[in-house]
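Here are the chains, one letter per residue:
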Amino acid sequence: MSEFEEEESEIIELVDDDGKIIKFKLLDVTEYKGEKYTLLLAAEPDDEIAEDEVVIFRLNEKEETLEPIEDEQLLEEVFEFYQTETEEEVN
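Residues numbered from 1 in each chain as written. Predicted model: local features only at pLDDT ≥ 70, side-chain atom pairs only at ≥ 80, totals over all residues. Heavy atoms only, no water.

Engineer: Explain the sheet that holds strand β3 (residues 35–42) here, please?
Structural biologist: Here 5 strands make up an open sheet; going across it, the order is β1-β2-β3-β4-β5 and the pairing antiparallel. The open sheet terminates on both sides in strands that have one partner only, identified here as β1 (11–15) and β5 (65–68). Pairwise comparison of adjacent strand axes, ignoring direction, gives a mean angle of 50° for this sheet. Pairing of β1 with strand β2 (residues 21–32), which is carried by 5 bridges, proceeds in the antiparallel orientation. Along β2, the bridge assignment pairs Ile12 with Phe24. (Pairing = 2+ DSSP bridges. Helix = DSSP H or I, 4+ residues; strand = E, 2+ residues; numbered from the N terminus. Axes fitted to C-alpha atoms, helices over the stretch in contact; angles between N-to-C directions.)

Put into structure tokens, the structure is as follows:
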């Protein structure tokens, strides 16, 4: 697989409430408290999503969908868990 194809396969397109397609780069998938979560970065930063802002969705494997998370506390917990896991992998 060439480098270009590899990068291309990491792009995920989501449709927002207005029907606009937003492209994200898949940063990682992590499992937290028995649920899987995707961590995404904006592939094309805009007014609503900064280039370095991580967007987290719950991964519903049965329906193959990404579900938005409304609970701010849960979002923080998942992100902190991901950061801890990543630091452990580096050390």
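Engineer: What is the right way to look at the nonpolar core in this model?
Structural biologist: In terms of nonpolar packing, the biggest core is built from 9 residues, these being Tyr32, Tyr37, Leu39, Ile56, Ile69, Leu74, Leu75, Val78 and Tyr82. Looking at this core, the elements with two or more residues in it are β3 and α2 (72–90). It is α2 that provides the largest number of residues to this core, a total of 4 residues. Within the second largest apolar cluster, 8 residues are counted, among which are Leu14, Leu40, Ile49 and Val55. (Core = buried A, V, L, I, M, F, W, Y, C linked by side-chain atoms within 4.5 Å. Buried < 20%, exposed > 50% of the residue type's maximum accessible area, 1.4 Å probe, protein only.)

Engineer: Help me out: how do you make sense of the pairing of β3 in this one?
Structural biologist: Note on strand geometry: in a regular strand, side chains alternate between the two faces of the sheet. For β2 and β3, the ladder comprises 8 bridges, and the chain directions are antiparallel. What sits directly across from Thr30, in β3, is Tyr37. Hairpin connection between β2 and β3: a loop of 2 residues separates the two successive antiparallel strands, and Lys33 in this loop has a positive phi of roughly 50°. Note that β3 and strand β4 (residues 54–60) share 6 bridges and pair antiparallel. Looking at β4, one finds that Lys36 is bridged to Leu59.

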